[in-house]
Amino acid sequence: MSSVAVGIISGLLMGVVFGFALEKSRVFEPGIIVGQMQLRNWIMLKVFLSAVATGAVVLAVLNGFGFVKLQPKAALYAADIVGGLILGAGIALAGACPGTTLAQIGVGYRDAIFTLLGGLSGAVAFSYAQPWLAKSLIGTGPKQIFTELAGIPYWQGALALAVVIVAVLVLIERLRP
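Q: What should I look at first to understand the environment of P72 in this one?
A: Take P72: it is sitting in the loop between helix 3 (43-64) and helix 4 (77-94). For the pair P72 and G108, spaced 36 residues apart in sequence, the C-alpha separation works out to 37 Å.

Structure follows, in structure tokens:
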């Protein structure tokens, strides 16, 4: 089987697992998302931190066995901060994030179609603005991987990250069950 076919099949399987987890956790509901942005409801943070920990371990295993090669992106701190603030404001206003919009459409939230159209419009606008932004505002930065800076193998850093996230999740669960 070709690597493209394996990538497509594994992507589809991960999408099914992610969709199942979204539906079971109800994290796609606008009230849950807005509650997280208002720091009243912590379900979304718990689910997403669980996904990051799981993803770190799976990526470490896949990288360790040579199935995937790490391709870090440049560290563009100013762009990441500005983009994160814009994305966060959009999530708070829409009651949806890019990963939950399709789930909202699937369960019948009519407003979610406008969120999807707005997100697609924003992506198209950014694709036209990106060359100018890269030259004038964003620039380039170094490709940094924490494990390389710390001088440890990726799998050790990924497992350490997963352990720290699990500890944070236990703490959040005790403070905000």
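From this point, the narrative continues.
Q: Can you walk me through the pattern of salt bridges in this structure?
A: Oppositely charged side chains may form a pair once their charged atoms are brought near each other. Per the stated rule, a full pass over the model turns up three salt bridges. Note that E29 and R26 form a salt bridge whose closest N and O atoms lie 2.8 Å from each other. For E29, a relative accessible area of 22% translates into the label partly exposed. Among the charged side chains, a network of salt bridges with common partners joins E23, R26 and E29.

Q: Looking at this structure, how should I read the packing of aromatic side chains?
A: How two aromatic rings sit relative to each other is set out by the distance from centre to centre and by the angle between their planes. Under the counting rule described, the total for this entry stands at one aromatic pair. An angle of 65° between the planes, with centres 6.5 Å apart, marks the rings of F28 and Y109 as edge-to-face. With F28 in the loop between helix 1 (3-25) and helix 2 (30-37) and Y109 in the loop between helix 5 (98-107) and helix 6 (112-138), this pair connects stretches of sequence that are 81 residues apart. On the basis of relative accessibility, which here comes to 2%, the residue F28 falls in the buried class.

Q: I tried to follow the confidence of the model for the chain on my own but got confused; where do I start?
A: Low pLDDT marks stretches whose predicted atomic positions should not be read closely. Confidence in the prediction of the chain, expressed as mean pLDDT, is 86, and 97% of residues score 70 or more. Across the chain, element-level confidence peaks in helix 8 (residues 154-175) with a mean pLDDT of 93 and bottoms out in helix 7 (residues 146-150) with 80.

Q: What is the right way to look at the nonpolar core in this model?
A: Most often, soluble globular proteins keep nonpolar side chains buried together rather than apart. Listed in full, the seven residues of the largest apolar core are L22, V27, I32, I33, M44, I91 and C97. The contact partners of C97, leaving out residues within four places of it in the chain, are I33, M44, F48 and I91.

Q: Can you help me understand a nonpolar patch on the surface in this one?
A: Where nonpolar side chains cluster on the molecular surface, the patch consists of L102, I105, I113, F114, L117 and L120 and spans about 580 Å² of accessible area. Taken together, the elements giving at least two residues each to the nonpolar patch come down to helix 5 and helix 6. At four residues, the largest contribution of residues to the nonpolar patch is made by helix 6. Within the fold, L117 resides in helix 6.

Q: What am I meant to see in the packing of helix 2 against helix 3 here?
A: If you want to describe how two helices pack, look at the angle between their axes and the distance between the axes. Across the interface, helix 2 lies against helix 3 with an axial gap of 8 Å and an inter-helix angle of 90°. When the interaxial angle is binned, helix 2 and helix 3 end up roughly perpendicular. Seen from helix 2, the contacting residues are I32, I33 and Q36; seen from helix 3, they are I43, M44 and L45. Its residues assigned to classes, the contact of helix 2 with helix 3 shows five nonpolar, one polar and no charged.

Q: It is not clear to me how the packing of helix 3 against helix 8 should be interpreted in this structure. Could you clarify?
A: Relative orientation of the contacting elements helix 3 and helix 8 amounts to 160°, with a least axis distance of 9 Å. In terms of axis orientation, helix 3 runs roughly antiparallel to helix 8. As for how helix 3 packs across helix 8, the hand of that crossing is left-handed. In this structure, helix 3 contributes L45, K46, L49, S50, V52, A53, A56, V57, L59, A60 and N63 to the contact, and helix 8 contributes Y154, W155, A158, L159, L161, A162, I165, V168, L169, I172 and E173.

Q: Got a minute to help me understand helix 4 in this structure?
A: Residues lying three or four places apart along an α-helix face the same way, a consequence of the helix completing one turn every 3.6 residues. Between its terminal C-alpha atoms helix 4 stretches 25 Å, which fits the 26 Å expected from 18 residues at 1.5 Å a residue. G95, located one to two residues past helix 4, shows a positive phi value of around 70°.

Q: What am I meant to see in helix 2 here?
A: Along helix 2, the positions that sit buried rather than exposed are I32, I33, G35 and Q36. Each buried residue of helix 2 sits inside an arc of 160° when the element is viewed along its axis, so together they form one side. On its buried face, helix 2 is in contact with helix 3, helix 4 and helix 5. Within two residues after helix 2, L39 carries a phi angle of roughly 60°, on the positive side.

Rules of the game
Residues numbered from 1 in each chain as written. Predicted model: local features only at pLDDT ≥ 70, side-chain atom pairs only at ≥ 80, totals over all residues. Heavy atoms only, no water. Helix = DSSP H or I, 4+ residues; strand = E, 2+ residues; numbered from the N terminus. Salt bridge = Lys/Arg side-chain N within 4 Å of Asp/Glu carboxyl O. Buried < 20%, exposed > 50% of the residue type's maximum accessible area, 1.4 Å probe, protein only. Phe/Tyr/Trp six-rings, centres within 6.5 Å; stacked < 30°, edge-to-face > 60°. pLDDT = per-residue confidence, 0-100. Core = buried A, V, L, I, M, F, W, Y, C linked by side-chain atoms within 4.5 Å. Contact = heavy atoms within 4.5 Å. Patch = residues over 30% accessible without salt bridge, like charges linked within 9 Å, V, L, I, M, F, W, Y side chains within 5 Å. Areas by Shrake-Rupley, 256 points an atom, 1.4 Å probe, with all protein chains shown as cover. Axes fitted to C-alpha atoms, helices over the stretch in contact; angles between N-to-C directions. Parallel < 35°, antiparallel > 145°, perpendicular 65-115°, else oblique. Nonpolar A, V, L, I, M, F, W, Y, C, P; charged D, E, K, R; others polar. Left-handed = near helix turned anticlockwise from the far one by under 90°. Expected span 1.5 Å × (residues − 1). Arc of directions from axis to C-beta.

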